Amino acid sequence: MKAKSNPARRWIHAAMTLLLAGQACTVSLFNPPSSPATGTPPPAAPTLTPYPAAQTNFVVTIPEPLQPGESLVLTALDEVTGLALNAVNYPLSPRDATTYSGAIPVPVNSVLKYRYARMLGNTIVPEETSHGEPIRYRIHSAVSSAEVQDIVAVWSDRTAARPTGSILGQVFNSDTNAPIPNILVVAGGIQFVTDSQGRFELTGLPVGVHQLAAYSMDGYYLPFQQGARVEEGKSTIVDLRVKPAPLVSVTFNVSVPEDTVPGVPVRIAGNILQFGNTFADLQGGMNVAADRMPVMALQPDGRYSYTIGLPVGAYIEYKYSLGDGYWNAEHDSQGGWVARKFVVPAQDAVIEDQVQTWLASNESGPILFEVNIPSVTPAADIIYMQFSTFGWTEPIPMWPLGVVDGYTRWAYQLYSPLNFFGSFSYRYCRNGQCGSADDNQTVGPNPAGRQTSTSVLGQDLVDTVGSWKWYENPETLPLVGATISPRAAGFVAGVEYQPTYRPNFSYFNWQTFANTKAIGSNFAVLTPSWTVSSVSPLQFAPQPGQDPLWIDTAIMVSQARNNGLNVSIFPTPRFPPSTDNTVSAADQFWKNAPRDAAWWQGWFTHYRAFLVNYADLAAQSGAQSIILGGEWVTPALPGGLLSDGTPSNVPADAEAQWRGIIAEARNHFKGQVLWALPYEQSSITSPVNFLRDVDGIYLLWSVPIAASASAAKTDYINEAGRLLDNEIAPLITLLGNKPVVIAASYPAAAGAAGGCVANGAGGCLDFDALSRPNADIPTATLSLQTQADIYEALLTAINTRPWISGFVSRGYYMPVALQDKSTSTNGKPAANVLWYWYPRLLGTVQ
């Protein structure tokens, strides 16, 4: 039991740190574990002078000889500024036609992130994996002088068929032997984030010896690396053991230039999770998100200060910024990027720093942007700016000025990098959701934007946002009173959140859960995801930036619980986007899958690991229930069919597979286990035998409740009641009267009640195609009234059927309120319907 407790305590402390870093709330959500004793000496300042260098010889084998005029380089990467933005190339020399080497001084105890590239003049051709995916970086931990052997699989402009194999294994705590989640494992540039059992799989590696590295993204475990030999068509099994590091207190004090706008937030950008690194490829080649960077406290003497617990021995790269790692980050006196580095010492430390300048050039003055926003903007919203010089980059939060000249005004002063002459684009959006919650003048994922130019003199630009897209003139609809019968204890009145994820969502989670509680809800249904990045061979694993990391989901559970909500975790696969908006991404995945015996075996293995991961997280974080299944697994059920009715060729032992998965989930999680069963009118199918193994049914309900476009709300009520009585009640009786929760999903679009939102070509849209951040589909007609009427009808029908154990609204978009066509109720009249019904069903309002 003790072996399992330490990882839990470590991620609890990490969660507290990340919450404070992002300033999502003003109080800690966790009680941090007691830190190991670090002795009594007074705080010391770690040296920031260059560390002794370990002469590292990199030897790389490339797939084919270089062409005349080509050269080979090792590219050292800067993940704080951005992998695409501040790289340094080191030329390599040939040993033979396909082997190159180079000696590079790497500071002792540092971690180098790098990759290889071919160069022809100024053209850079980066390496790729054998799966054709870009290589983010390889990792080398420089403990001492060493030789590193690497193999390039293929270049991005060429194809190459070469023999490959795999490395599989687990990562364990070397002190406790407990498996560790959230460790980044890298070999050959292929990356994998470990699950709750510490598992990783690196596939498609060229045959030969690779450097295998395990890297803790929060620094809580020391880096580990070793060589691993890959053989053709085989899997090399390697278990890694990493050493946990004790924490010490590190205080950062910094003095800022005199031209800094007084009182503005100064942040720390760095290479670990606690300093905003997402370990993901964000917009514009960036990796650090401003919303996840810690904000320093302004001191009476004008300096800024921030104290944090950091792991001893962790290699830290950081910089100070008024934005993120790129925009408004500090520069040296020559305008160059600043990269501060140190290794966390074994005792508490105080670091004294000074920012020389925020400017990258004296030839371009700072630009002050001020914007007046519409009066209908929700008071809790934060206004963001997004800039584009070489493509749109990550949004930056602006600074509130209050009411100026009758308008609510926000401002942001841009200092750097403006070391160029010419124009660039910018735009405003709400809550960092540029592309979804835009200024109506600059709508969509890639608009031209507003234009401005650099100048030698400083500038002050004042803009006005006339209206926000999807929030032009927020509608409110009258509520109709009803006689509502309070339910018995245990009734679920919940909200399920849309599975779409971006790292900057985390800043708005607390407000989301507070809003969920404010409408009277008692349950939050989280939908954390893993990504299917390849159908065949099947690759199904967490992808930073697109799926929440283990720590992100753990924080969300804690935030929801601290807002007085029960929590259910509904693991949700994220499939490659569908190329047809009438077909769901899941349906297209199943159609493209080979579905032969070997593929099915891999699918069940991956899906089992997926569910066990979240069963472990639910157990450690205190969630009340976990939901298995969903519409996406229908082809994998006994007798499974594809969406067109053809057999899925599911194995004959599917029943046993599912019973085993449910049993294993129960072995890892002792709370309620529910099954998400999709309901299609008159064709509901039930694999009754294994459904008897779960505690209840989470019925996914999006069926038509209107026979015609002229149907009224009373018609909706009658049809919903008929379906419940004639189709759902018999099923529940057959299953032994298990609890059933109706989980409804309907878009705010004309035709939703009839089950068909027109696609303009005679077909019906998949409802998820209307979700943000997808682009708008003009053929669908916005109808907030339709969505509100559907919810009222369903709740009215449920009100007179006491055998129904709950109701959940699905598809809530967490970061921002929008009156769009999606299934989300955030900011829509349908949310007011829930606000009226939920507390009365729960008996908290009479």
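Above this text is the structure in question.
In this text, all values refer to a predicted model and were calculated from it rather than measured experimentally.

The rules behind each value
- Within any chain, residue numbers begin from 1 and follow the written order of that chain's sequence.
- Two thresholds apply to this predicted model, a pLDDT of at least 70 for residue-level local features and 80 or more for giving and counting side-chain atom pairs, whereas whole-chain, interface and lining totals are computed over all residues.
- Based on all heavy atoms of the structure, the side-chain values leave hydrogens and waters out of the count.
- Only DSSP runs of H or I with at least four residues qualify as helices, and only runs of E with at least two residues qualify as strands; both kinds are numbered from the N terminus onward.
- Between the two quantities, the radius of gyration covers C-alpha atoms and the globule rule is 2.2 Å times the number of residues to the power 0.38.
- Using a 1.4 Å probe on the protein chains alone, a residue whose accessible area is under 20% of its type maximum counts as buried, one over 50% counts as exposed, and one in between counts as partly exposed.
- The contact definition used throughout considers only heavy atoms, calling two residues in contact when any of these lie within 4.5 Å.
- Note that accessible areas follow from Shrake-Rupley with a 1.4 Å probe, and for residues the cover is restricted to the protein chains shown.
- Positive charges come from Lys and Arg, negative ones from Asp and Glu, while His and the chain ends are left out of the count.
- Here the site of a charge means atom NZ of a Lys, CZ of an Arg, CG of an Asp or CD of a Glu.
- We treat two strands as partners when DSSP finds at least two bridges between them.
- For the purposes of this analysis, a disulfide is any pair of cysteine sulfur atoms at a distance within 2.5 Å.
- Here, a salt bridge means any side-chain nitrogen of Lys or Arg that lies within 4 Å of a carboxyl oxygen of Asp or Glu.
- Here the expected span of a helix is defined as 1.5 Å times the quantity of residues minus one.
- Our arc is simply the arc of the directions from the helix axis toward the C-beta atoms.
- Stacked, edge-to-face and tilted labels apply to pairs of Phe, Tyr and Trp rings (six-membered ring for Trp) whose centres lie within 6.5 Å, assigned for plane angles under 30 degrees, over 60, and everything in between, in that order.
- Criterion for a charge above a ring: Arg CZ or Lys NZ at most 6 Å from the ring centre, at most 35 degrees from the ring normal.
- We define the nonpolar core as a collection of buried residues of types Ala, Val, Leu, Ile, Met, Phe, Trp, Tyr and Cys that are connected through side-chain atoms lying within 4.5 Å of one another.
- For helices, the fitted line uses only the C-alpha atoms of the stretch in contact; every axis is such a line through C-alpha atoms, and the angle between N-to-C directions lies from 0 to 180 degrees.
- When an angle is under 35 degrees it counts as roughly parallel; over 145 it counts as roughly antiparallel; between 65 and 115 it counts as roughly perpendicular; any other value is oblique.
- Crossing chirality is assigned from the near helix's rotation relative to the far helix, an anticlockwise turn below a right angle marking it left-handed and a clockwise turn marking it right-handed.
- Throughout this description, a polar contact denotes any pair of N or O atoms lying within 3.5 Å of each other; where both atoms belong to protein, one of them has to be capable of donating a hydrogen while the other can accept it, and for residues adjacent in sequence the pair is counted only when both atoms sit in side chains.
- Ten residues, namely Ala, Val, Leu, Ile, Met, Phe, Trp, Tyr, Cys and Pro, are considered nonpolar, four, namely Asp, Glu, Lys and Arg, are considered charged, and the remaining ones, Gly among them, are considered polar.

K.L.:
Describe the overall build of the protein chain, and please don't skip the residues or the numbers.
P.N.:
Tallying secondary structure elements over the protein chain gives 10 helices and 43 strands in all. In terms of overall size, the protein chain behaves like a compact globule, its C-alpha atoms giving a radius of gyration of 28 Å where 846 residues would be expected to give roughly 28 Å. Once the C-alpha set of the protein chain is aligned to its principal axes, its extents read approximately 75 × 70 × 60 Å. Taken across its 846 residues, the protein chain has 58% of its residues classed as buried. In the protein chain, of all internal contacts separated by at least 6 residues, the share reaching a separation of at least 24 is 75%. With an accessible surface of roughly 31500 Å², the protein chain has 52% of that area assigned to carbon and sulfur atoms. Distance between charge centroids for the protein chain: 6 Å, based on 49 positive and 66 negative side chains.

K.L.:
Tell me about the sheet that holds strand β31 (residues 450–453), and name the residues and values.
P.N.:
For sheets, the rule is that strands pair by backbone hydrogen bonds, running either parallel or antiparallel. Pairing is antiparallel in the open sheet, where 4 strands are placed in the order β27-β26-β30-β31. At either margin of the open sheet sits one strand with a lone partner, and together these are β27 (396–397) and β31.

K.L.:
Please provide a residue-by-residue account of the state of the cysteines, values included.
P.N.:
Scanning the entire structure with this criterion turns up 2 disulfides. Covalent S-S linkage joins Cys429 and Cys434, the inter-sulfur distance amounting to 2.0 Å. Measuring handedness by torsion sign, the sulfur bridge of Cys429 and Cys434 sits at about -70 degrees and is left-handed. Of the two residues, Cys429 and Cys434, neither departs from the other in class, the shared state being buried. Two residues share a disulfide in this structure: Cys756 and Cys764, whose sulfurs sit 1.9 Å from each other. Residues Cys756 and Cys764 are joined by a disulfide whose S-S torsion is about -95 degrees; by sign, that bridge is left-handed.

K.L.:
Let's hear about the pattern of salt bridges: which residues, and what values?
P.N.:
Applying the stated criterion to the full structure yields 37 salt bridges. Ionic pairing is found between Glu64 and Arg158, a salt bridge with its closest N-O pair at 2.7 Å. In this pair, Glu64 sits in the loop between β1 (53–61) and β2 (70–76) while Arg158 sits in the loop between β10 (154–155) and β11 (164–173), placing the two residues 94 residues apart along the sequence. Classification of Arg158 as partly exposed rests on a relative accessible area of 23%. Two residues, Arg810 and Glu631, come together in a salt bridge whose shortest N-O distance is 3.7 Å.

K.L.:
Before we move on, could you go through helix α6 (residues 654–668) and cite the residues and values that matter?
P.N.:
A rise of 1.5 Å per residue sets the reference length of α6, with its 15 residues, at 21 Å; its end C-alpha atoms lie 21 Å apart and thus fit the reference within 8%. When α6 is considered as a whole, its buried residues turn out to be Ala654, Gln657, Trp658, Ile661, Ile662, Ala665 and His668. Buried residues of α6, viewed axially, fall in a sector of 130 degrees; they line one side. More than 90 degrees from the buried face of α6, the exposed residues found are Ala656 and Asn667.

K.L.:
Residue-level account of helix α5 (residues 597–621), with values.
P.N.:
Between the first and last C-alpha of α5 there are 36 Å, a value that for 25 residues agrees with the 36 Å anticipated at 1.5 Å per step. Just beyond α5, the residue with positive phi is Gly622, at close to 90 degrees.

K.L.:
Could you give me a rundown of the packing of aromatic side chains, with the residues and numbers involved?
P.N.:
The tally for this structure, following the rule as stated, stands at 50 aromatic pairs. Here the aromatic rings of Phe58 and Tyr114 are separated by 5.0 Å at their centres, their planes lie at 65 degrees, and the arrangement is edge-to-face. Of this pair, Phe58 sits in strand β1 while Tyr114 is found in strand β6 (residues 110–120), placing the two residues 56 residues apart along the sequence. Overall, the relative accessible area of 0% leaves Tyr114 in the buried class. Where Trp530 meets Phe610, the ring centres are 5.2 Å apart and the plane angle is 50 degrees; that geometry is what we call tilted. In this pair, Trp530 is assigned in strand β35 (residues 529–534) and Phe610 in helix α5, connecting sequence segments 80 residues apart. An identical accessibility class is assigned to Trp530 and Phe610; each is buried. Above the plane of the ring of Tyr471 lies Arg430, whose end atom (NZ or CZ) is 4.6 Å from the centre. We note Arg840 situated over the ring of Tyr836; from NZ or CZ to the ring centre the distance is 4.0 Å.

K.L.:
Quick rundown of the nonpolar core? Include the residues and the values.
P.N.:
Among the nonpolar cores identified, the biggest contains 120 residues, and Trp603, Trp658, Trp675 and Trp701 are the most heavily contacted of them. Of all the elements, α5 adds the most residues to this core, at 11 residues. Ignoring anything within four residues of it in the chain, the contact list for Trp701 reads Tyr679, Ala720, Leu723, Leu724, Ile728, Ile742, Ala743, Ala744, Ser745, Tyr746 and Leu794. Ile139, Tyr315, Ile383 and Leu418 belong to the second-largest nonpolar core, a separate cluster that totals 80 residues.

K.L.:
Which residues make up the packing of α5 against α6, and what values go with them?
P.N.:
Taken N-terminus to C-terminus, the directions of α5 and α6 make an angle of 20 degrees; their axes are 8 Å apart at the nearest point. In terms of orientation, α5 and α6 fall into the roughly parallel class. The two elements α5 and α6 meet at a crossing, and its hand is right-handed. Only Ala654, Gln657, Trp658, Gly660, Ile661, Glu664, Ala665 and His668 of α6 make contact with α5, whose side of the interface consists of Trp603, Phe604, Tyr607, Arg608, Leu611, Val612, Ala615, Asp616 and Ala619.

K.L.:
Account for the environment of Ser708, with residues named and values stated.
P.N.:
Its place among the elements puts Ser708 in the loop between β41 (696–701) and α8 (713–734). Assessed through its relative accessible area of 38%, Ser708 is described here as partly exposed. As a C-alpha pair, Ser708 and Gly754 span 46 residues in sequence and 6.7 Å in three-dimensional space. Here the side chain of Ser708 touches Ser710 through a polar contact of 3.1 Å, side chain to side chain.

K.L.:
Please give an account of the packing of helix α9 (residues 784–799) against helix α10 (residues 829–841) that cites residues and values.
P.N.:
Two elements in contact, α9 and α10, have axes separated by 8 Å at closest approach and are oriented at 15 degrees. Here α9 lies roughly parallel to α10, going by the angle between them. Relative to α10, the crossing made by α9 is right-handed. Two secondary-structure elements touch here, α9 through Leu784, Gln787, Ala788, Tyr791, Glu792, Leu795, Thr796 and Asn799 and α10 through Pro829, Ala830, Val833, Leu834, Trp837 and Leu841. Of the residues contributing to the contact of α9 with α10, the split by class is 10 nonpolar, 3 polar and 1 charged.

K.L.:
Just give me the short version of the sheet that holds strand β22 (residues 315–321), but keep the residues and values in it.
P.N.:
Spatial ordering of the open sheet is given by β19-β22-β23, a layout of 3 strands whose pairing is antiparallel. Unpaired on one side and paired on the other, β19 (267–270) and β23 (340–343) mark the two borders of the sheet. Across the sheet, the axes of successive neighbouring strands diverge by a mean angle of 35 degrees, strand direction being ignored.

K.L.:
Explain the environment of Ala748 residue by residue, including any values.
P.N.:
Structurally, the position occupied by Ala748 is in the loop between β42 (740–744) and α9. What makes Ala748 buried here is its relative accessible area of 0%. Along the sequence, Ala748 and Pro163 sit 585 residues apart, while their C-alpha atoms lie 51 Å from each other. Those residues in contact with Ala748, other than ones at most four positions away along the chain, are Thr781, Leu782, Ser783, Leu784, Gln787, Asp820, Lys821, Ser822 and Lys828.

K.L.:
Can you explain the side chain of His668? Please cite residues and give values.
P.N.:
Among the structural elements, His668 can be located in helix α6. In terms of polar contacts, His668 uses its side chain to reach the side chain of Asp616, at 2.6 Å. Those residues in contact with His668 that lie beyond four places of it in its chain are Gln197, Val612, Ala615, Asp616 and Ala619.

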